[in-house]
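For reference, the chains in residue letters:
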Amino acid sequence: MNEVKPPLVVIEHLYKSYRRGGQDLPVLEDISLTIGDGEFLALMGPSGSGKTTLLNLIAGLDRPNAGRLTVGGTDLTQLSEAQLAAWRARHVGFIFQFYQLIPVLTAFENVELPLLLTPLSRRERREHVELALELVGLSDRKAHYPGQLSGGQQQRVAIARALVTDPTLISADEPTGDLDRDSANEILDLMCRLNTDFGKTIILVTHDPEAASRAPRLIRLIKGQLIRDERNDARSCHLAAPEPGAPENPPPAGPGP
Amino acid sequence: MFKLSWRNSLRHPLRSGLTISGMAVAVLAFCLLRTVVAAWYAGVTTASPVRLVVRNAVSLTFRLPMSYYARIQALPGIKRVTYGSWVGGTYIDEKNFFPQIAGHLPTYLAIYPEFVIASDEMSALLQDRRGCVAGRKLAERYGWRLGDLITITGTAYPGRYELVLRAIYRGDAPTVDEGRMYFHYDFLNETIKKRMPDMADMVGWFMVQVDSPELVGPVSEQIDAMFANSLAETKTESEAAFVLGMISMTEAIILAIRVVSWLVIGVILMVLSNTMAMSARERLGEYAVLKTLGFRPRHLAGVILGESLLLALMGGILGLVLTFPAVYLFKTSLSQYFRVFPLTNLTLALGMATSLAVGVLAALFPAWQASRVGIAEALRKVG
Ligand SMILES: Nc1ncnc2c1ncn2[C@@H]1O[C@H](COP(=O)(O)OP(=O)(O)OP(=O)(O)O)[C@@H](O)[C@H]1O
Ligand SMILES: [Mg+2]
């Protein structure tokens, strides 16, 4: 970990609840957490524990009820709806479980979408899109529609879309949840490369222990509370089939890289 | 982003196809109904603001003595006076009905400058006592050529009138009726003098052309005052009022047609709104993704509006294109009833404008819905 860089994400005493049927339902309670720039962090926990909620807060898709939340020095709680949208477009890349590509657009056009919000010219956009598709190994599928691609390929298009704007943070909510082992490994390898080669900070929500074990840092959430924050020996995530049984070395749960 | 509107509109070919067809049929119906209404009112639109009709105060079926002619002409502010009678005859067969008017042709045709007649035909017509002039459409309908003998059997005035076609007139505007026939009143009067002397020297109406539109009122009053308390009192009104009076009975029907034409637009608005709402509901997840990527509600509204307008535009254009053959069909098959069937640019423009308005209206609700979709909630439903 690069100790010189300031942390990218700083969360202090974060609360989030949803109103349902007239009463407040707490989802996240008193979460404090920091994530360093360039970290690869896995977030695990039982269904309904608040993983997606936490990820959405960090990625600026939702707003907390209380607490401090700054990402890259920006206090997300102070931004207006429009400012938040612009901030997301600049700083966050999104990967979802069900790919969430627009079915009527080709792979190329899907990847181009986030660039339409930038002042880039058509030619510059094309260069960026082609580079992104090359990175995920889909240069030959540019003109294919999502329906003509396999799940793994669709997820690679989604990754290309997430990285085409060169964001600082990549939010991935169960990106391998719908894929077979091999496709999942491809996706995880790609994400590792984004982390190690391009220095992207990645937050990976997953139910798959094998996927989580690739991450140097693992956080467990249960019923809206952060119960464990553990680090691997590994300094960075590892490619391909993971060595089984990487020894656990649980430091006391706490913030700070 | 426009690409997205375009692709979305083709996403469900059947649904889009049906919506476009519905749109087209509605625009077609709208234009056709408006044209029917315009046909009814054609007489009014061509009515000149300086022409007055003097008729018997009792009713249109009562006549006036020809001797009024000179007395009307003597009044100040009057440019021309002419007179005519409705012949109500048939040609060969009873179903071949078209308006025939026996009038004082030299003045009658001068009062109707909208009837355009070649000068050589005009002089031939005026020189032949049995001569007649027919509108271009009427002549086309029966294949008449100049010099043809045309026999009219009278009903209002009994007898057979053997006429010679000496001239064909055309209208100087599409709203001018080209389905009438005019012949010399004197020729009619000769026969009447022999067969029913008490109906001789009586005319159906006088047409008066005043010097300027402001004189319509005062001159009307003067004429009616002059013949007050005489054997045949007169009622004088502007030509437009006269024509309107004739079609006032049908006013209710016309109103109904108008209402229906707008109802049709209302129906199509619902159809398109439904299509758009259905599509938008299916795509809430996609809209949420676009929002996630940083797109704003106005971008989404643009995509939705684009799709709605595309559908409306395609339907509207198709409807307008279909209107031309439909109007032509109406015109030819119903030429007895509607001698003028004017498809105006205004109708076409209105057809297009309403379809675009429908396109915009139909997009409002889905656009509002899409702009309100909460990202976290919508993604939760799909993912
Ligand atoms: N928009 C919402 N309205 C009401 N309740 C919500 C909403 N979003 C989440 N919740 C509730 O918050 C809790 C946490 O949800 P969250 O999606 O964060 O869990 P998760 O850990 O991602 O679960 P999973 O592993 O199933 O994805 C759940 O009990 C859920 O029902
Ligand atoms: Mg979740």
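Cut-offs applied
- Residues numbered from 1 in each chain as written.
- Chains lettered and ligands numbered in written order.
- Predicted model: local features only at pLDDT ≥ 70, side-chain atom pairs only at ≥ 80, totals over all residues.
- Heavy atoms only, no water.
- Phe/Tyr/Trp six-rings, centres within 6.5 Å; stacked < 30°, edge-to-face > 60°.
- Buried < 20%, exposed > 50% of the residue type's maximum accessible area, 1.4 Å probe, protein only.
- Helix = DSSP H or I, 4+ residues; strand = E, 2+ residues; numbered from the N terminus.
- Near = heavy atom within 4 Å.
- Polar contact = N/O pair within 3.5 Å; in protein donor to acceptor, adjacent residues only side chain to side chain.
- Areas by Shrake-Rupley, 256 points an atom, 1.4 Å probe, with all protein chains shown as cover.
- Nonpolar A, V, L, I, M, F, W, Y, C, P; charged D, E, K, R; others polar.
- Pairing = 2+ DSSP bridges.
- Axes fitted to C-alpha atoms, helices over the stretch in contact; angles between N-to-C directions.
- Parallel < 35°, antiparallel > 145°, perpendicular 65-115°, else oblique.
- Left-handed = near helix turned anticlockwise from the far one by under 90°.
- Contact = heavy atoms within 4.5 Å.

A. The arrangement of the packing of aromatic side chains in detail. Residues and elements named next belong to chain B. What the rule picks out here adds up to 20 aromatic pairs over all chains. Centre to centre, the rings of Y108 and Y112 are 5.6 Å apart; their planes meet at 5°, and the pair counts as stacked. Comparing Y108 with Y112, the two get one shared label, buried. Considering the side-chain rings of F115 and Y182, the 5.7 Å spacing of their centres and the 55° angle between planes classify their relative orientation as tilted. In this pair, F115 is assigned in strand β7 (residues 115-116) and Y182 in strand β11 (residues 181-184), connecting sequence segments 67 residues apart. F115 gets classed as buried once you look at its relative accessible area, which sits at 7%. An aromatic cluster of at least three residues, connected via ring pairs, comprises Y108, Y112, F115, Y169 and Y182.

B. Inspection of the site of ligand 1 at higher detail. By nearness alone, 15 residues border ligand 1, and S47, K51, T52 and T53 of chain A together with R380 of chain B come closest of all. Site remark: ligand 1 is flanked by residues from chains A and B. One of the side-chain N or O atoms of E174 of chain A is found 3.4 Å from an oxygen atom in ligand 1. In isolation ligand 1 exposes 630 Å². Once the protein is present, 80% of that is buried. For the shell around ligand 1, the secondary structure elements donating two or more residues are β1 (7-20) and α1 (51-58) of chain A together with α14 (375-382) of chain B. Considering each element in turn, the shell around ligand 1 owes the most residues, three residues, to α1 of chain A. Residues that form the shell around ligand 1 fall into these classes: three nonpolar, seven polar and five charged.

C. Looking closely at the pairing of strand β3 (residues 78-86) of chain B. All names here are of chain B. Relative to strand β13 (residues 205-210), β3 runs antiparallel, the two being bridged by six bridges. Residue pairing in the sheet places V81 in a bridge with V208 of β13. Looking at chain direction, β3 and strand β6 (residues 100-103) are connected through three bridges and run antiparallel. The residue bridging G84 from the neighbouring strand is G103, located in β6.

D. Highlighting the packing of helix α5 (residues 151-163) of chain A against helix α6 (residues 181-198) of chain A. All names here are of chain A. The geometry of α5 relative to α6 is characterised by a closest axis approach of 9 Å and an angle of 15° between their N-to-C directions. Regarding the angle of α5 to α6, the classification is roughly parallel. Of the two possible hands of crossing, α5 and α6 adopt the one that is right-handed. Residue-level inspection shows G152, Q155, R156, I159 and L163 of α5 in contact with α6, the latter providing S183, E186, I187, L190, M191 and L194.

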